[in-house]
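Survey of secondary and tertiary structure
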2 protein chains.
Amino acid sequence: VLTNSETKLLHALKSRAGREKHSAFVVEGVRVVEDALAAHFDLNFAVVSPTLEDSLRGKELLDYLAANTAVRRVSDAELRKLAETETPQGVIIVAKTPRKNLSDVRLSSRALIVVLDAVQDPGNLGTIIRSADAFAAAGVIALPGTVDYWNPKVVRSAAGSSFHVPLVSADDEQTWAWLRTNEFLICGADMNGSNDIPSANGRIALVVGNEGAGLRKQSRAHIAHTLAIPMPGRAESLNVAVAAGILLYELTR
Amino acid sequence: VLTNSETKLLHALKSRAGREKHSAFVVEGVRVVEDALAAHFDLNFAVVSPTLEDSLRGKELLDYLAANTAVRRVSDAELRKLAETETPQGVIIVAKTPRKNLSDVRLSSRALIVVLDAVQDPGNLGTIIRSADAFAAAGVIALPGTVDYWNPKVVRSAAGSSFHVPLVSADDEQTWAWLRTNEFLICGADMNGSNDIPSANGRIALVVGNEGAGLRKQSRAHIAHTLAIPMPGRAESLNVAVAAGILLYELTR
């Protein structure tokens, strides 16, 4: 059974302020919990409900959790109330937030970084993290105004990639200075940009903007190269996560 | 004020069964409502709340609605209760569902069709419709098991593209026969496929599968060419809407 302070913590972790105060976040669902465990994140405790034991995979996960952290058992209905996503699949873990700085990003001579310029939808952010991981980005940088990496919906749509790619939050000044110092070609996704994709033999930062407003003025000032995706059809723009995916694909070819 | 039967209809339209029974659907939010009106969909009635009049754009939309259909006024709180998406922005319209058949799809010698093989997340479906529109697809075909085109979340994430691209629902038999008769090269998005993208000088159907299970066995039997996206990183797969976007981009280059 959950202690009072654990219940309070779980509720506090539903907000960004709570996650920052406690340096912890919640992971929900069998697959994403497995990925978090594989990445050896520091565990606080786990909450499970009977549903988890419906499958062999769930039983194995429970055994692993029982051997490695405190496991609290609740009913399926209680777990759903504690969870933020619709299908927690009988398991939630509370883990310590990994705080990554720009200096934690390991760069080789060829490197790809995704910079998030106020991306606001949790599903879009998670999907971009998943694509950044698929295309071997060295890191992701969130500028102010971007939704929290450790929002449970972001973690869920990142499908485990949150635990593979360094996720850094930094302000404008730090970010642009770091990219300049490390000789990145700074590219921005922009419908009015060029269709020429720069060759990927070097360090490239791809800046993607807000769902409605696009790139901010203060970001545009730092962008050397704007990239547009040719669209022969009628839609005026693509979803930001789709646009980011296409450009990451192009930049890594 | 809403009549009793209008309130009942709005609630009925929250479910797929209700939308099918009444051949109607709900559009929410200023931008998407504008797109629906521009496409001259048959209107049933509109529901507005004071928020709509906060902007000039909203006022203009209200004037247009008042001149063209019955407008019901409710409070902002009531409108939010009637709406399915989180930010209806003071406006909802009820419109007649356009029922498109395979014979409504206009084909030229070069044509692109997206086939949805049990795509289940409304956000993913809407995003794929938006990409299909951006890359000038001639139509979208939903096989059984795919989420309803006229689910408000689908319409919202399609960002107006639901009103540009013919959206057809058809069963397996009809779909594969129609594609064969019309000499489509049938390609399936599949992680284990080839990386060779066929040239786009002809008719191509891109089949995208379910978020978890991928392409169904019965679909695989009809696919001539499976396409994989090279992923140098760690993520095992991409989000289905991102994968579809990348392949549509590649197929229209």
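See the structure above.
Quick caveat, the model's predicted, so the values are computed rather than measured.

1. Brief notes about the overall build of chain A
On a plain count of helices and strands, chain A comes out with 10 helices and 10 strands. Taking 253 residues into account, the globule formula puts the C-alpha radius of gyration at 18 Å, and chain A, at 20 Å, falls close to it. Considering only C-alpha atoms, chain A reaches an extent of 55 × 40 × 30 Å along its principal axes. Counting the 253 residues in chain A, one finds 54% classified as buried. Here the contacts in chain A between residues at least 6 apart in sequence split such that 78% fall between residues at least 24 apart. Carbon and sulfur atoms provide 46% of the accessible area of chain A, an area that totals close to 11,200 Å². If the 27 positive side-chain charges of chain A are averaged to one point and the 28 negative ones to another, these points end up 1 Å apart.

2. Digging into the relation of the copies chain A and chain B
Laying chain A over chain B is done by rotating through 180 degrees and shifting 0.0 Å along the axis; what remains is an RMSD of 0.0 Å. What we have between these two chains is a two-fold relation. Looking at the interface residues of chain A, 100% of them are also at the interface in chain B, so both copies use one shared face.

3. With respect to the nonpolar core
Membership of the largest hydrophobic core comes to 116 residues, with the highest contact counts inside it found for A:L116, A:V208, B:L116 and B:V208. Every residue in contact with A:L116, bar those within four places of it in the chain, is listed here: A:L125, A:I128, A:V140, A:I141, A:A142, A:L143, A:T146, A:Y149 and A:V208.

4. A few points about the interface of chain A and chain B
Contact with chain A, which involves 28 residues of that partner, is made by 28 residues of chain B. Between chain A and chain B, the buried area comes to about 2,500 Å², and carbon and sulfur atoms account for 59% of it. Our enumeration of links across chain A and chain B arrives at four salt bridges. Where A:E250 meets B:R253, a salt bridge forms, and the shortest distance between an N and an O atom there is 2.6 Å. Taken together, the connections running from chain A to chain B amount to 17 residue pairs in polar contact (both at pLDDT 80 or more).

5. A short note on the pattern of salt bridges
Here the structure, examined in full by the defined rule, presents 26 salt bridges over all chains. Note that A:D190 and A:R220 form a salt bridge whose closest N and O atoms lie 2.6 Å from each other. Placement of A:D190 in strand β8 (residues 185–194) and of A:R220 in helix α9 (residues 217–220) is noted, with a sequence separation of 30 residues between them. For A:R220, a relative accessible area of 39% puts it in the partly exposed group. Note that B:R16 is salt-bridged to B:E20, the shortest N-O span being 3.2 Å. Here B:E20 and B:R16 lie together in helix α2 (residues 16–22), a separation of four residues that amounts to about one turn. Judged by its relative accessible area of 35%, B:R16 falls in the partly exposed class. Take B:E20: its relative accessible area is 42%, and that puts it in the partly exposed class. Through salt bridges that share partners, A:E250, A:R253, B:E250 and B:R253 make up one connected network.

6. Concerning the sheet that holds strand β7 (residues 167–169) of chain B
Residue and element names in this part refer to chain B. Judged by pairing direction, the sheet is parallel, and its six strands sit side by side in the order β7-β6-β5-β9-β8-β10 without closing on themselves. Strands with a single pairing partner mark the edges of an open sheet, and in this sheet they are β7 and β10 (225–227). For this sheet the average axis-to-axis angle between neighbouring strands, irrespective of direction, equals 30 degrees. Pairing between strand β5 (residues 111–116) and strand β6 (residues 139–142): four bridges, direction parallel.

7. Brief notes about the side chain of B:S219
Residue and element names in this part refer to chain B. With respect to the element layout, S219 can be found in helix α9 (residues 217–220). According to the relative accessible area criterion, S219 is buried, its value standing at 0%. Residue contacts for S219: discarding those within four places in its chain leaves D117, L143, D172 and W176.

8. Regarding helix α4 (residues 56–68) of chain B
Residue and element names in this part refer to chain B. Look at α4: 19 Å from first C-alpha to last across 13 residues, which is about the 18 Å you get at 1.5 Å a residue. Considered for burial, the residues of α4 that qualify are G58, L61, L62 and L65. Angular distribution of buried residues about the axis of α4 spans 100 degrees; they occupy a single face of the element. Set apart from the buried face of α4 by more than 90 degrees, the exposed residues are L56, D63 and A67. Where α4 is buried, its residues meet α3 (30–38), β2 (43–48), β3 (71–73) and β4 (91–96).

Cut-offs used in this document
Residues numbered from 1 in each chain as written. Chains lettered and ligands numbered in written order. Predicted model: local features only at pLDDT ≥ 70, side-chain atom pairs only at ≥ 80, totals over all residues. Heavy atoms only, no water. Helix = DSSP H or I, 4+ residues; strand = E, 2+ residues; numbered from the N terminus. Rg over C-alpha atoms; globule rule 2.2 N^0.38 Å. Buried < 20%, exposed > 50% of the residue type's maximum accessible area, 1.4 Å probe, protein only. Contact = heavy atoms within 4.5 Å. Areas by Shrake-Rupley, 256 points an atom, 1.4 Å probe, with all protein chains shown as cover. Lys, Arg positive; Asp, Glu negative; His and termini not counted. Charge placed at Lys NZ, Arg CZ, Asp CG, Glu CD. Least-squares fit on C-alpha atoms with pLDDT ≥ 70 in both. Core = buried A, V, L, I, M, F, W, Y, C linked by side-chain atoms within 4.5 Å. Buried area = accessible area lost by both parts, 1.4 Å probe. Salt bridge = Lys/Arg side-chain N within 4 Å of Asp/Glu carboxyl O. Polar contact = N/O pair within 3.5 Å; in protein donor to acceptor, adjacent residues only side chain to side chain. Pairing = 2+ DSSP bridges. Axes fitted to C-alpha atoms, helices over the stretch in contact; angles between N-to-C directions. Expected span 1.5 Å × (residues − 1). Arc of directions from axis to C-beta.

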